[in-house]
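Next come the chains, spelled out residue by residue.
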Amino acid sequence: MSGMTEIVYPLARSIGRGLSHRCPACGEGQMFGRYLKVQPHCARCDHELALYPADDGPAYLTILLIGHLIIAPLLIFPIIWESDPRISLPIILSALTVITLLLLPRIKGGWVGLMYSLQVSTRDEKLHAANVAD
Ligand SMILES: [Zn+2]
């Protein structure tokens with residue numbers, strides 16, 4: 001076995017660090033400067049966090065998760081669709097908004113951890129569909 005087989009960027013550890021808003025490289029530095037704003041560099045290890053694409057993926061994933069894990073199970077309960085939508089909708093929508101806002105930074109952190117683990121970077125030209133189309 002050579003050094004080539006070594007796992008340099010363990011998937012679960014990288015995602016786990018991201019989910020807890022930590023730098024996926026060292027697990028120490030804070031990933032976010034403020035809400036959803038990924039630091040350009042880790043304050044601890046200087047790893048370039050801005051390197052990883054995190055534009056649409058996290059938001060899409062969050063909507064997907066909320067749709068499957070929250071909205072779909074909610075529809076099982078008759079009270080949800082039997083109640084007056086003028087009352088139930090604002091309650092459900094504001095609850096979903098709160099859940100989304102709480103979930104989004106976690107998922108974005110986990111996403112950056114995933115990108116780190118897979119070594120996908122914004123410098124990878126193949127990622128940009130616009131360039132491929134040219
Ligand atoms: Zn770091």
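The shown structure was predicted, so the numbers you read here are calculated from the model rather than taken from an experiment.

K.L.:
Tell me about the confidence of the model for the protein, residues and numbers included.
P.N.:
With 87% of its residues at a pLDDT of 70 or more, the protein has an overall mean of 86. Per-element confidence in the protein is highest for helix 1 (residues 11-19), whose mean pLDDT is 96, and lowest for helix 5 (residues 129-133), whose mean pLDDT is 50.

K.L.:
Tell me about helix 4 (residues 85-118), and name the residues and values.
P.N.:
Of all the bends in helix 4, the greatest, near 30°, is centred on leucine 103, and the proline proline 105 appears no more than four residues after it. Taken together, the buried positions of helix 4 are occupied by Pro105, Ile107, Lys108, Gly109, Gly110, Trp111, Val112, Gly113, Leu114, Met115, Tyr116 and Ser117. A positive backbone phi angle near 55° is found at glutamine 119, which sits one or two residues after helix 4.

K.L.:
Just give me the short version of the packing of helix 1 against helix 4, but keep the residues and values in it.
P.N.:
Packed helices, taken two at a time, are described by their axes: the angle between them and the distance between them. Across the interface, helix 1 lies against helix 4 with an axial gap of 6 Å and an inter-helix angle of 150°. Of the possible angle classes, the one that applies to helix 1 and helix 4 is roughly antiparallel. The interaxial crossing formed by helix 1 with helix 4 has right-handed handedness. Taken together, the residues of helix 4 that come into contact with helix 1 (itself represented by Leu11, Ser14, Ile15, Arg17, Gly18 and Leu19) are Arg106, Gly109, Gly110, Trp111, Val112, Gly113, Leu114, Tyr116 and Ser117. Classifying every residue of the contact of helix 1 with helix 4 by side-chain character gives 7 nonpolar, 6 polar and 2 charged.

K.L.:
Describe unusual backbone geometry, with residues and values.
P.N.:
Negative phi is the rule for most residues except glycine; trans is the rule for most peptide bonds. At aspartate 46, a residue that is not glycine, the phi angle is positive and equals roughly 65°. Classification of aspartate 46 by C-beta neighbours within 10 Å gives exposed; the count is 12. Within the chain, glutamine 119 stands out as a residue other than glycine whose phi angle is a positive 55°. Tracing the backbone through its elements, the reader meets glutamine 119 in the loop between helix 4 and helix 5.

K.L.:
Can you explain the packing of helix 2 (residues 57-74) against helix 4? Please cite residues and give values.
P.N.:
Closest axis-to-axis distance for the helix 2/helix 4 pair is 9 Å, and the angle between their directions is 130°. What the angle tells us is that helix 2 and helix 4 run oblique. Here the hand of the crossing between helix 2 and helix 4 comes out right-handed. Across the interface between the two elements, Gly57, Pro58, Leu61, Thr62, Ile66 and Ile70 from helix 2 touch Leu96, Ile99, Thr100, Leu103, Leu104, Ile107, Lys108 and Trp111 from helix 4. Considered class by class, the residues forming the contact of helix 2 with helix 4 number 10 nonpolar, 3 polar and 1 charged.

Calculation criteria
Residues numbered from 1 in each chain as written. Predicted model: local features only at pLDDT ≥ 70, side-chain atom pairs only at ≥ 80, totals over all residues. pLDDT = per-residue confidence, 0-100. Helix = DSSP H or I, 4+ residues; strand = E, 2+ residues; numbered from the N terminus. Bend = angle between axes of the 7 residues up to and from the residue. Buried ≥ 20, exposed ≤ 12 C-beta atoms within 10 Å, placed from the backbone. Axes fitted to C-alpha atoms, helices over the stretch in contact; angles between N-to-C directions. Parallel < 35°, antiparallel > 145°, perpendicular 65-115°, else oblique. Left-handed = near helix turned anticlockwise from the far one by under 90°. Contact = placed C-beta atoms within 7 Å. Nonpolar A, V, L, I, M, F, W, Y, C, P; charged D, E, K, R; others polar.

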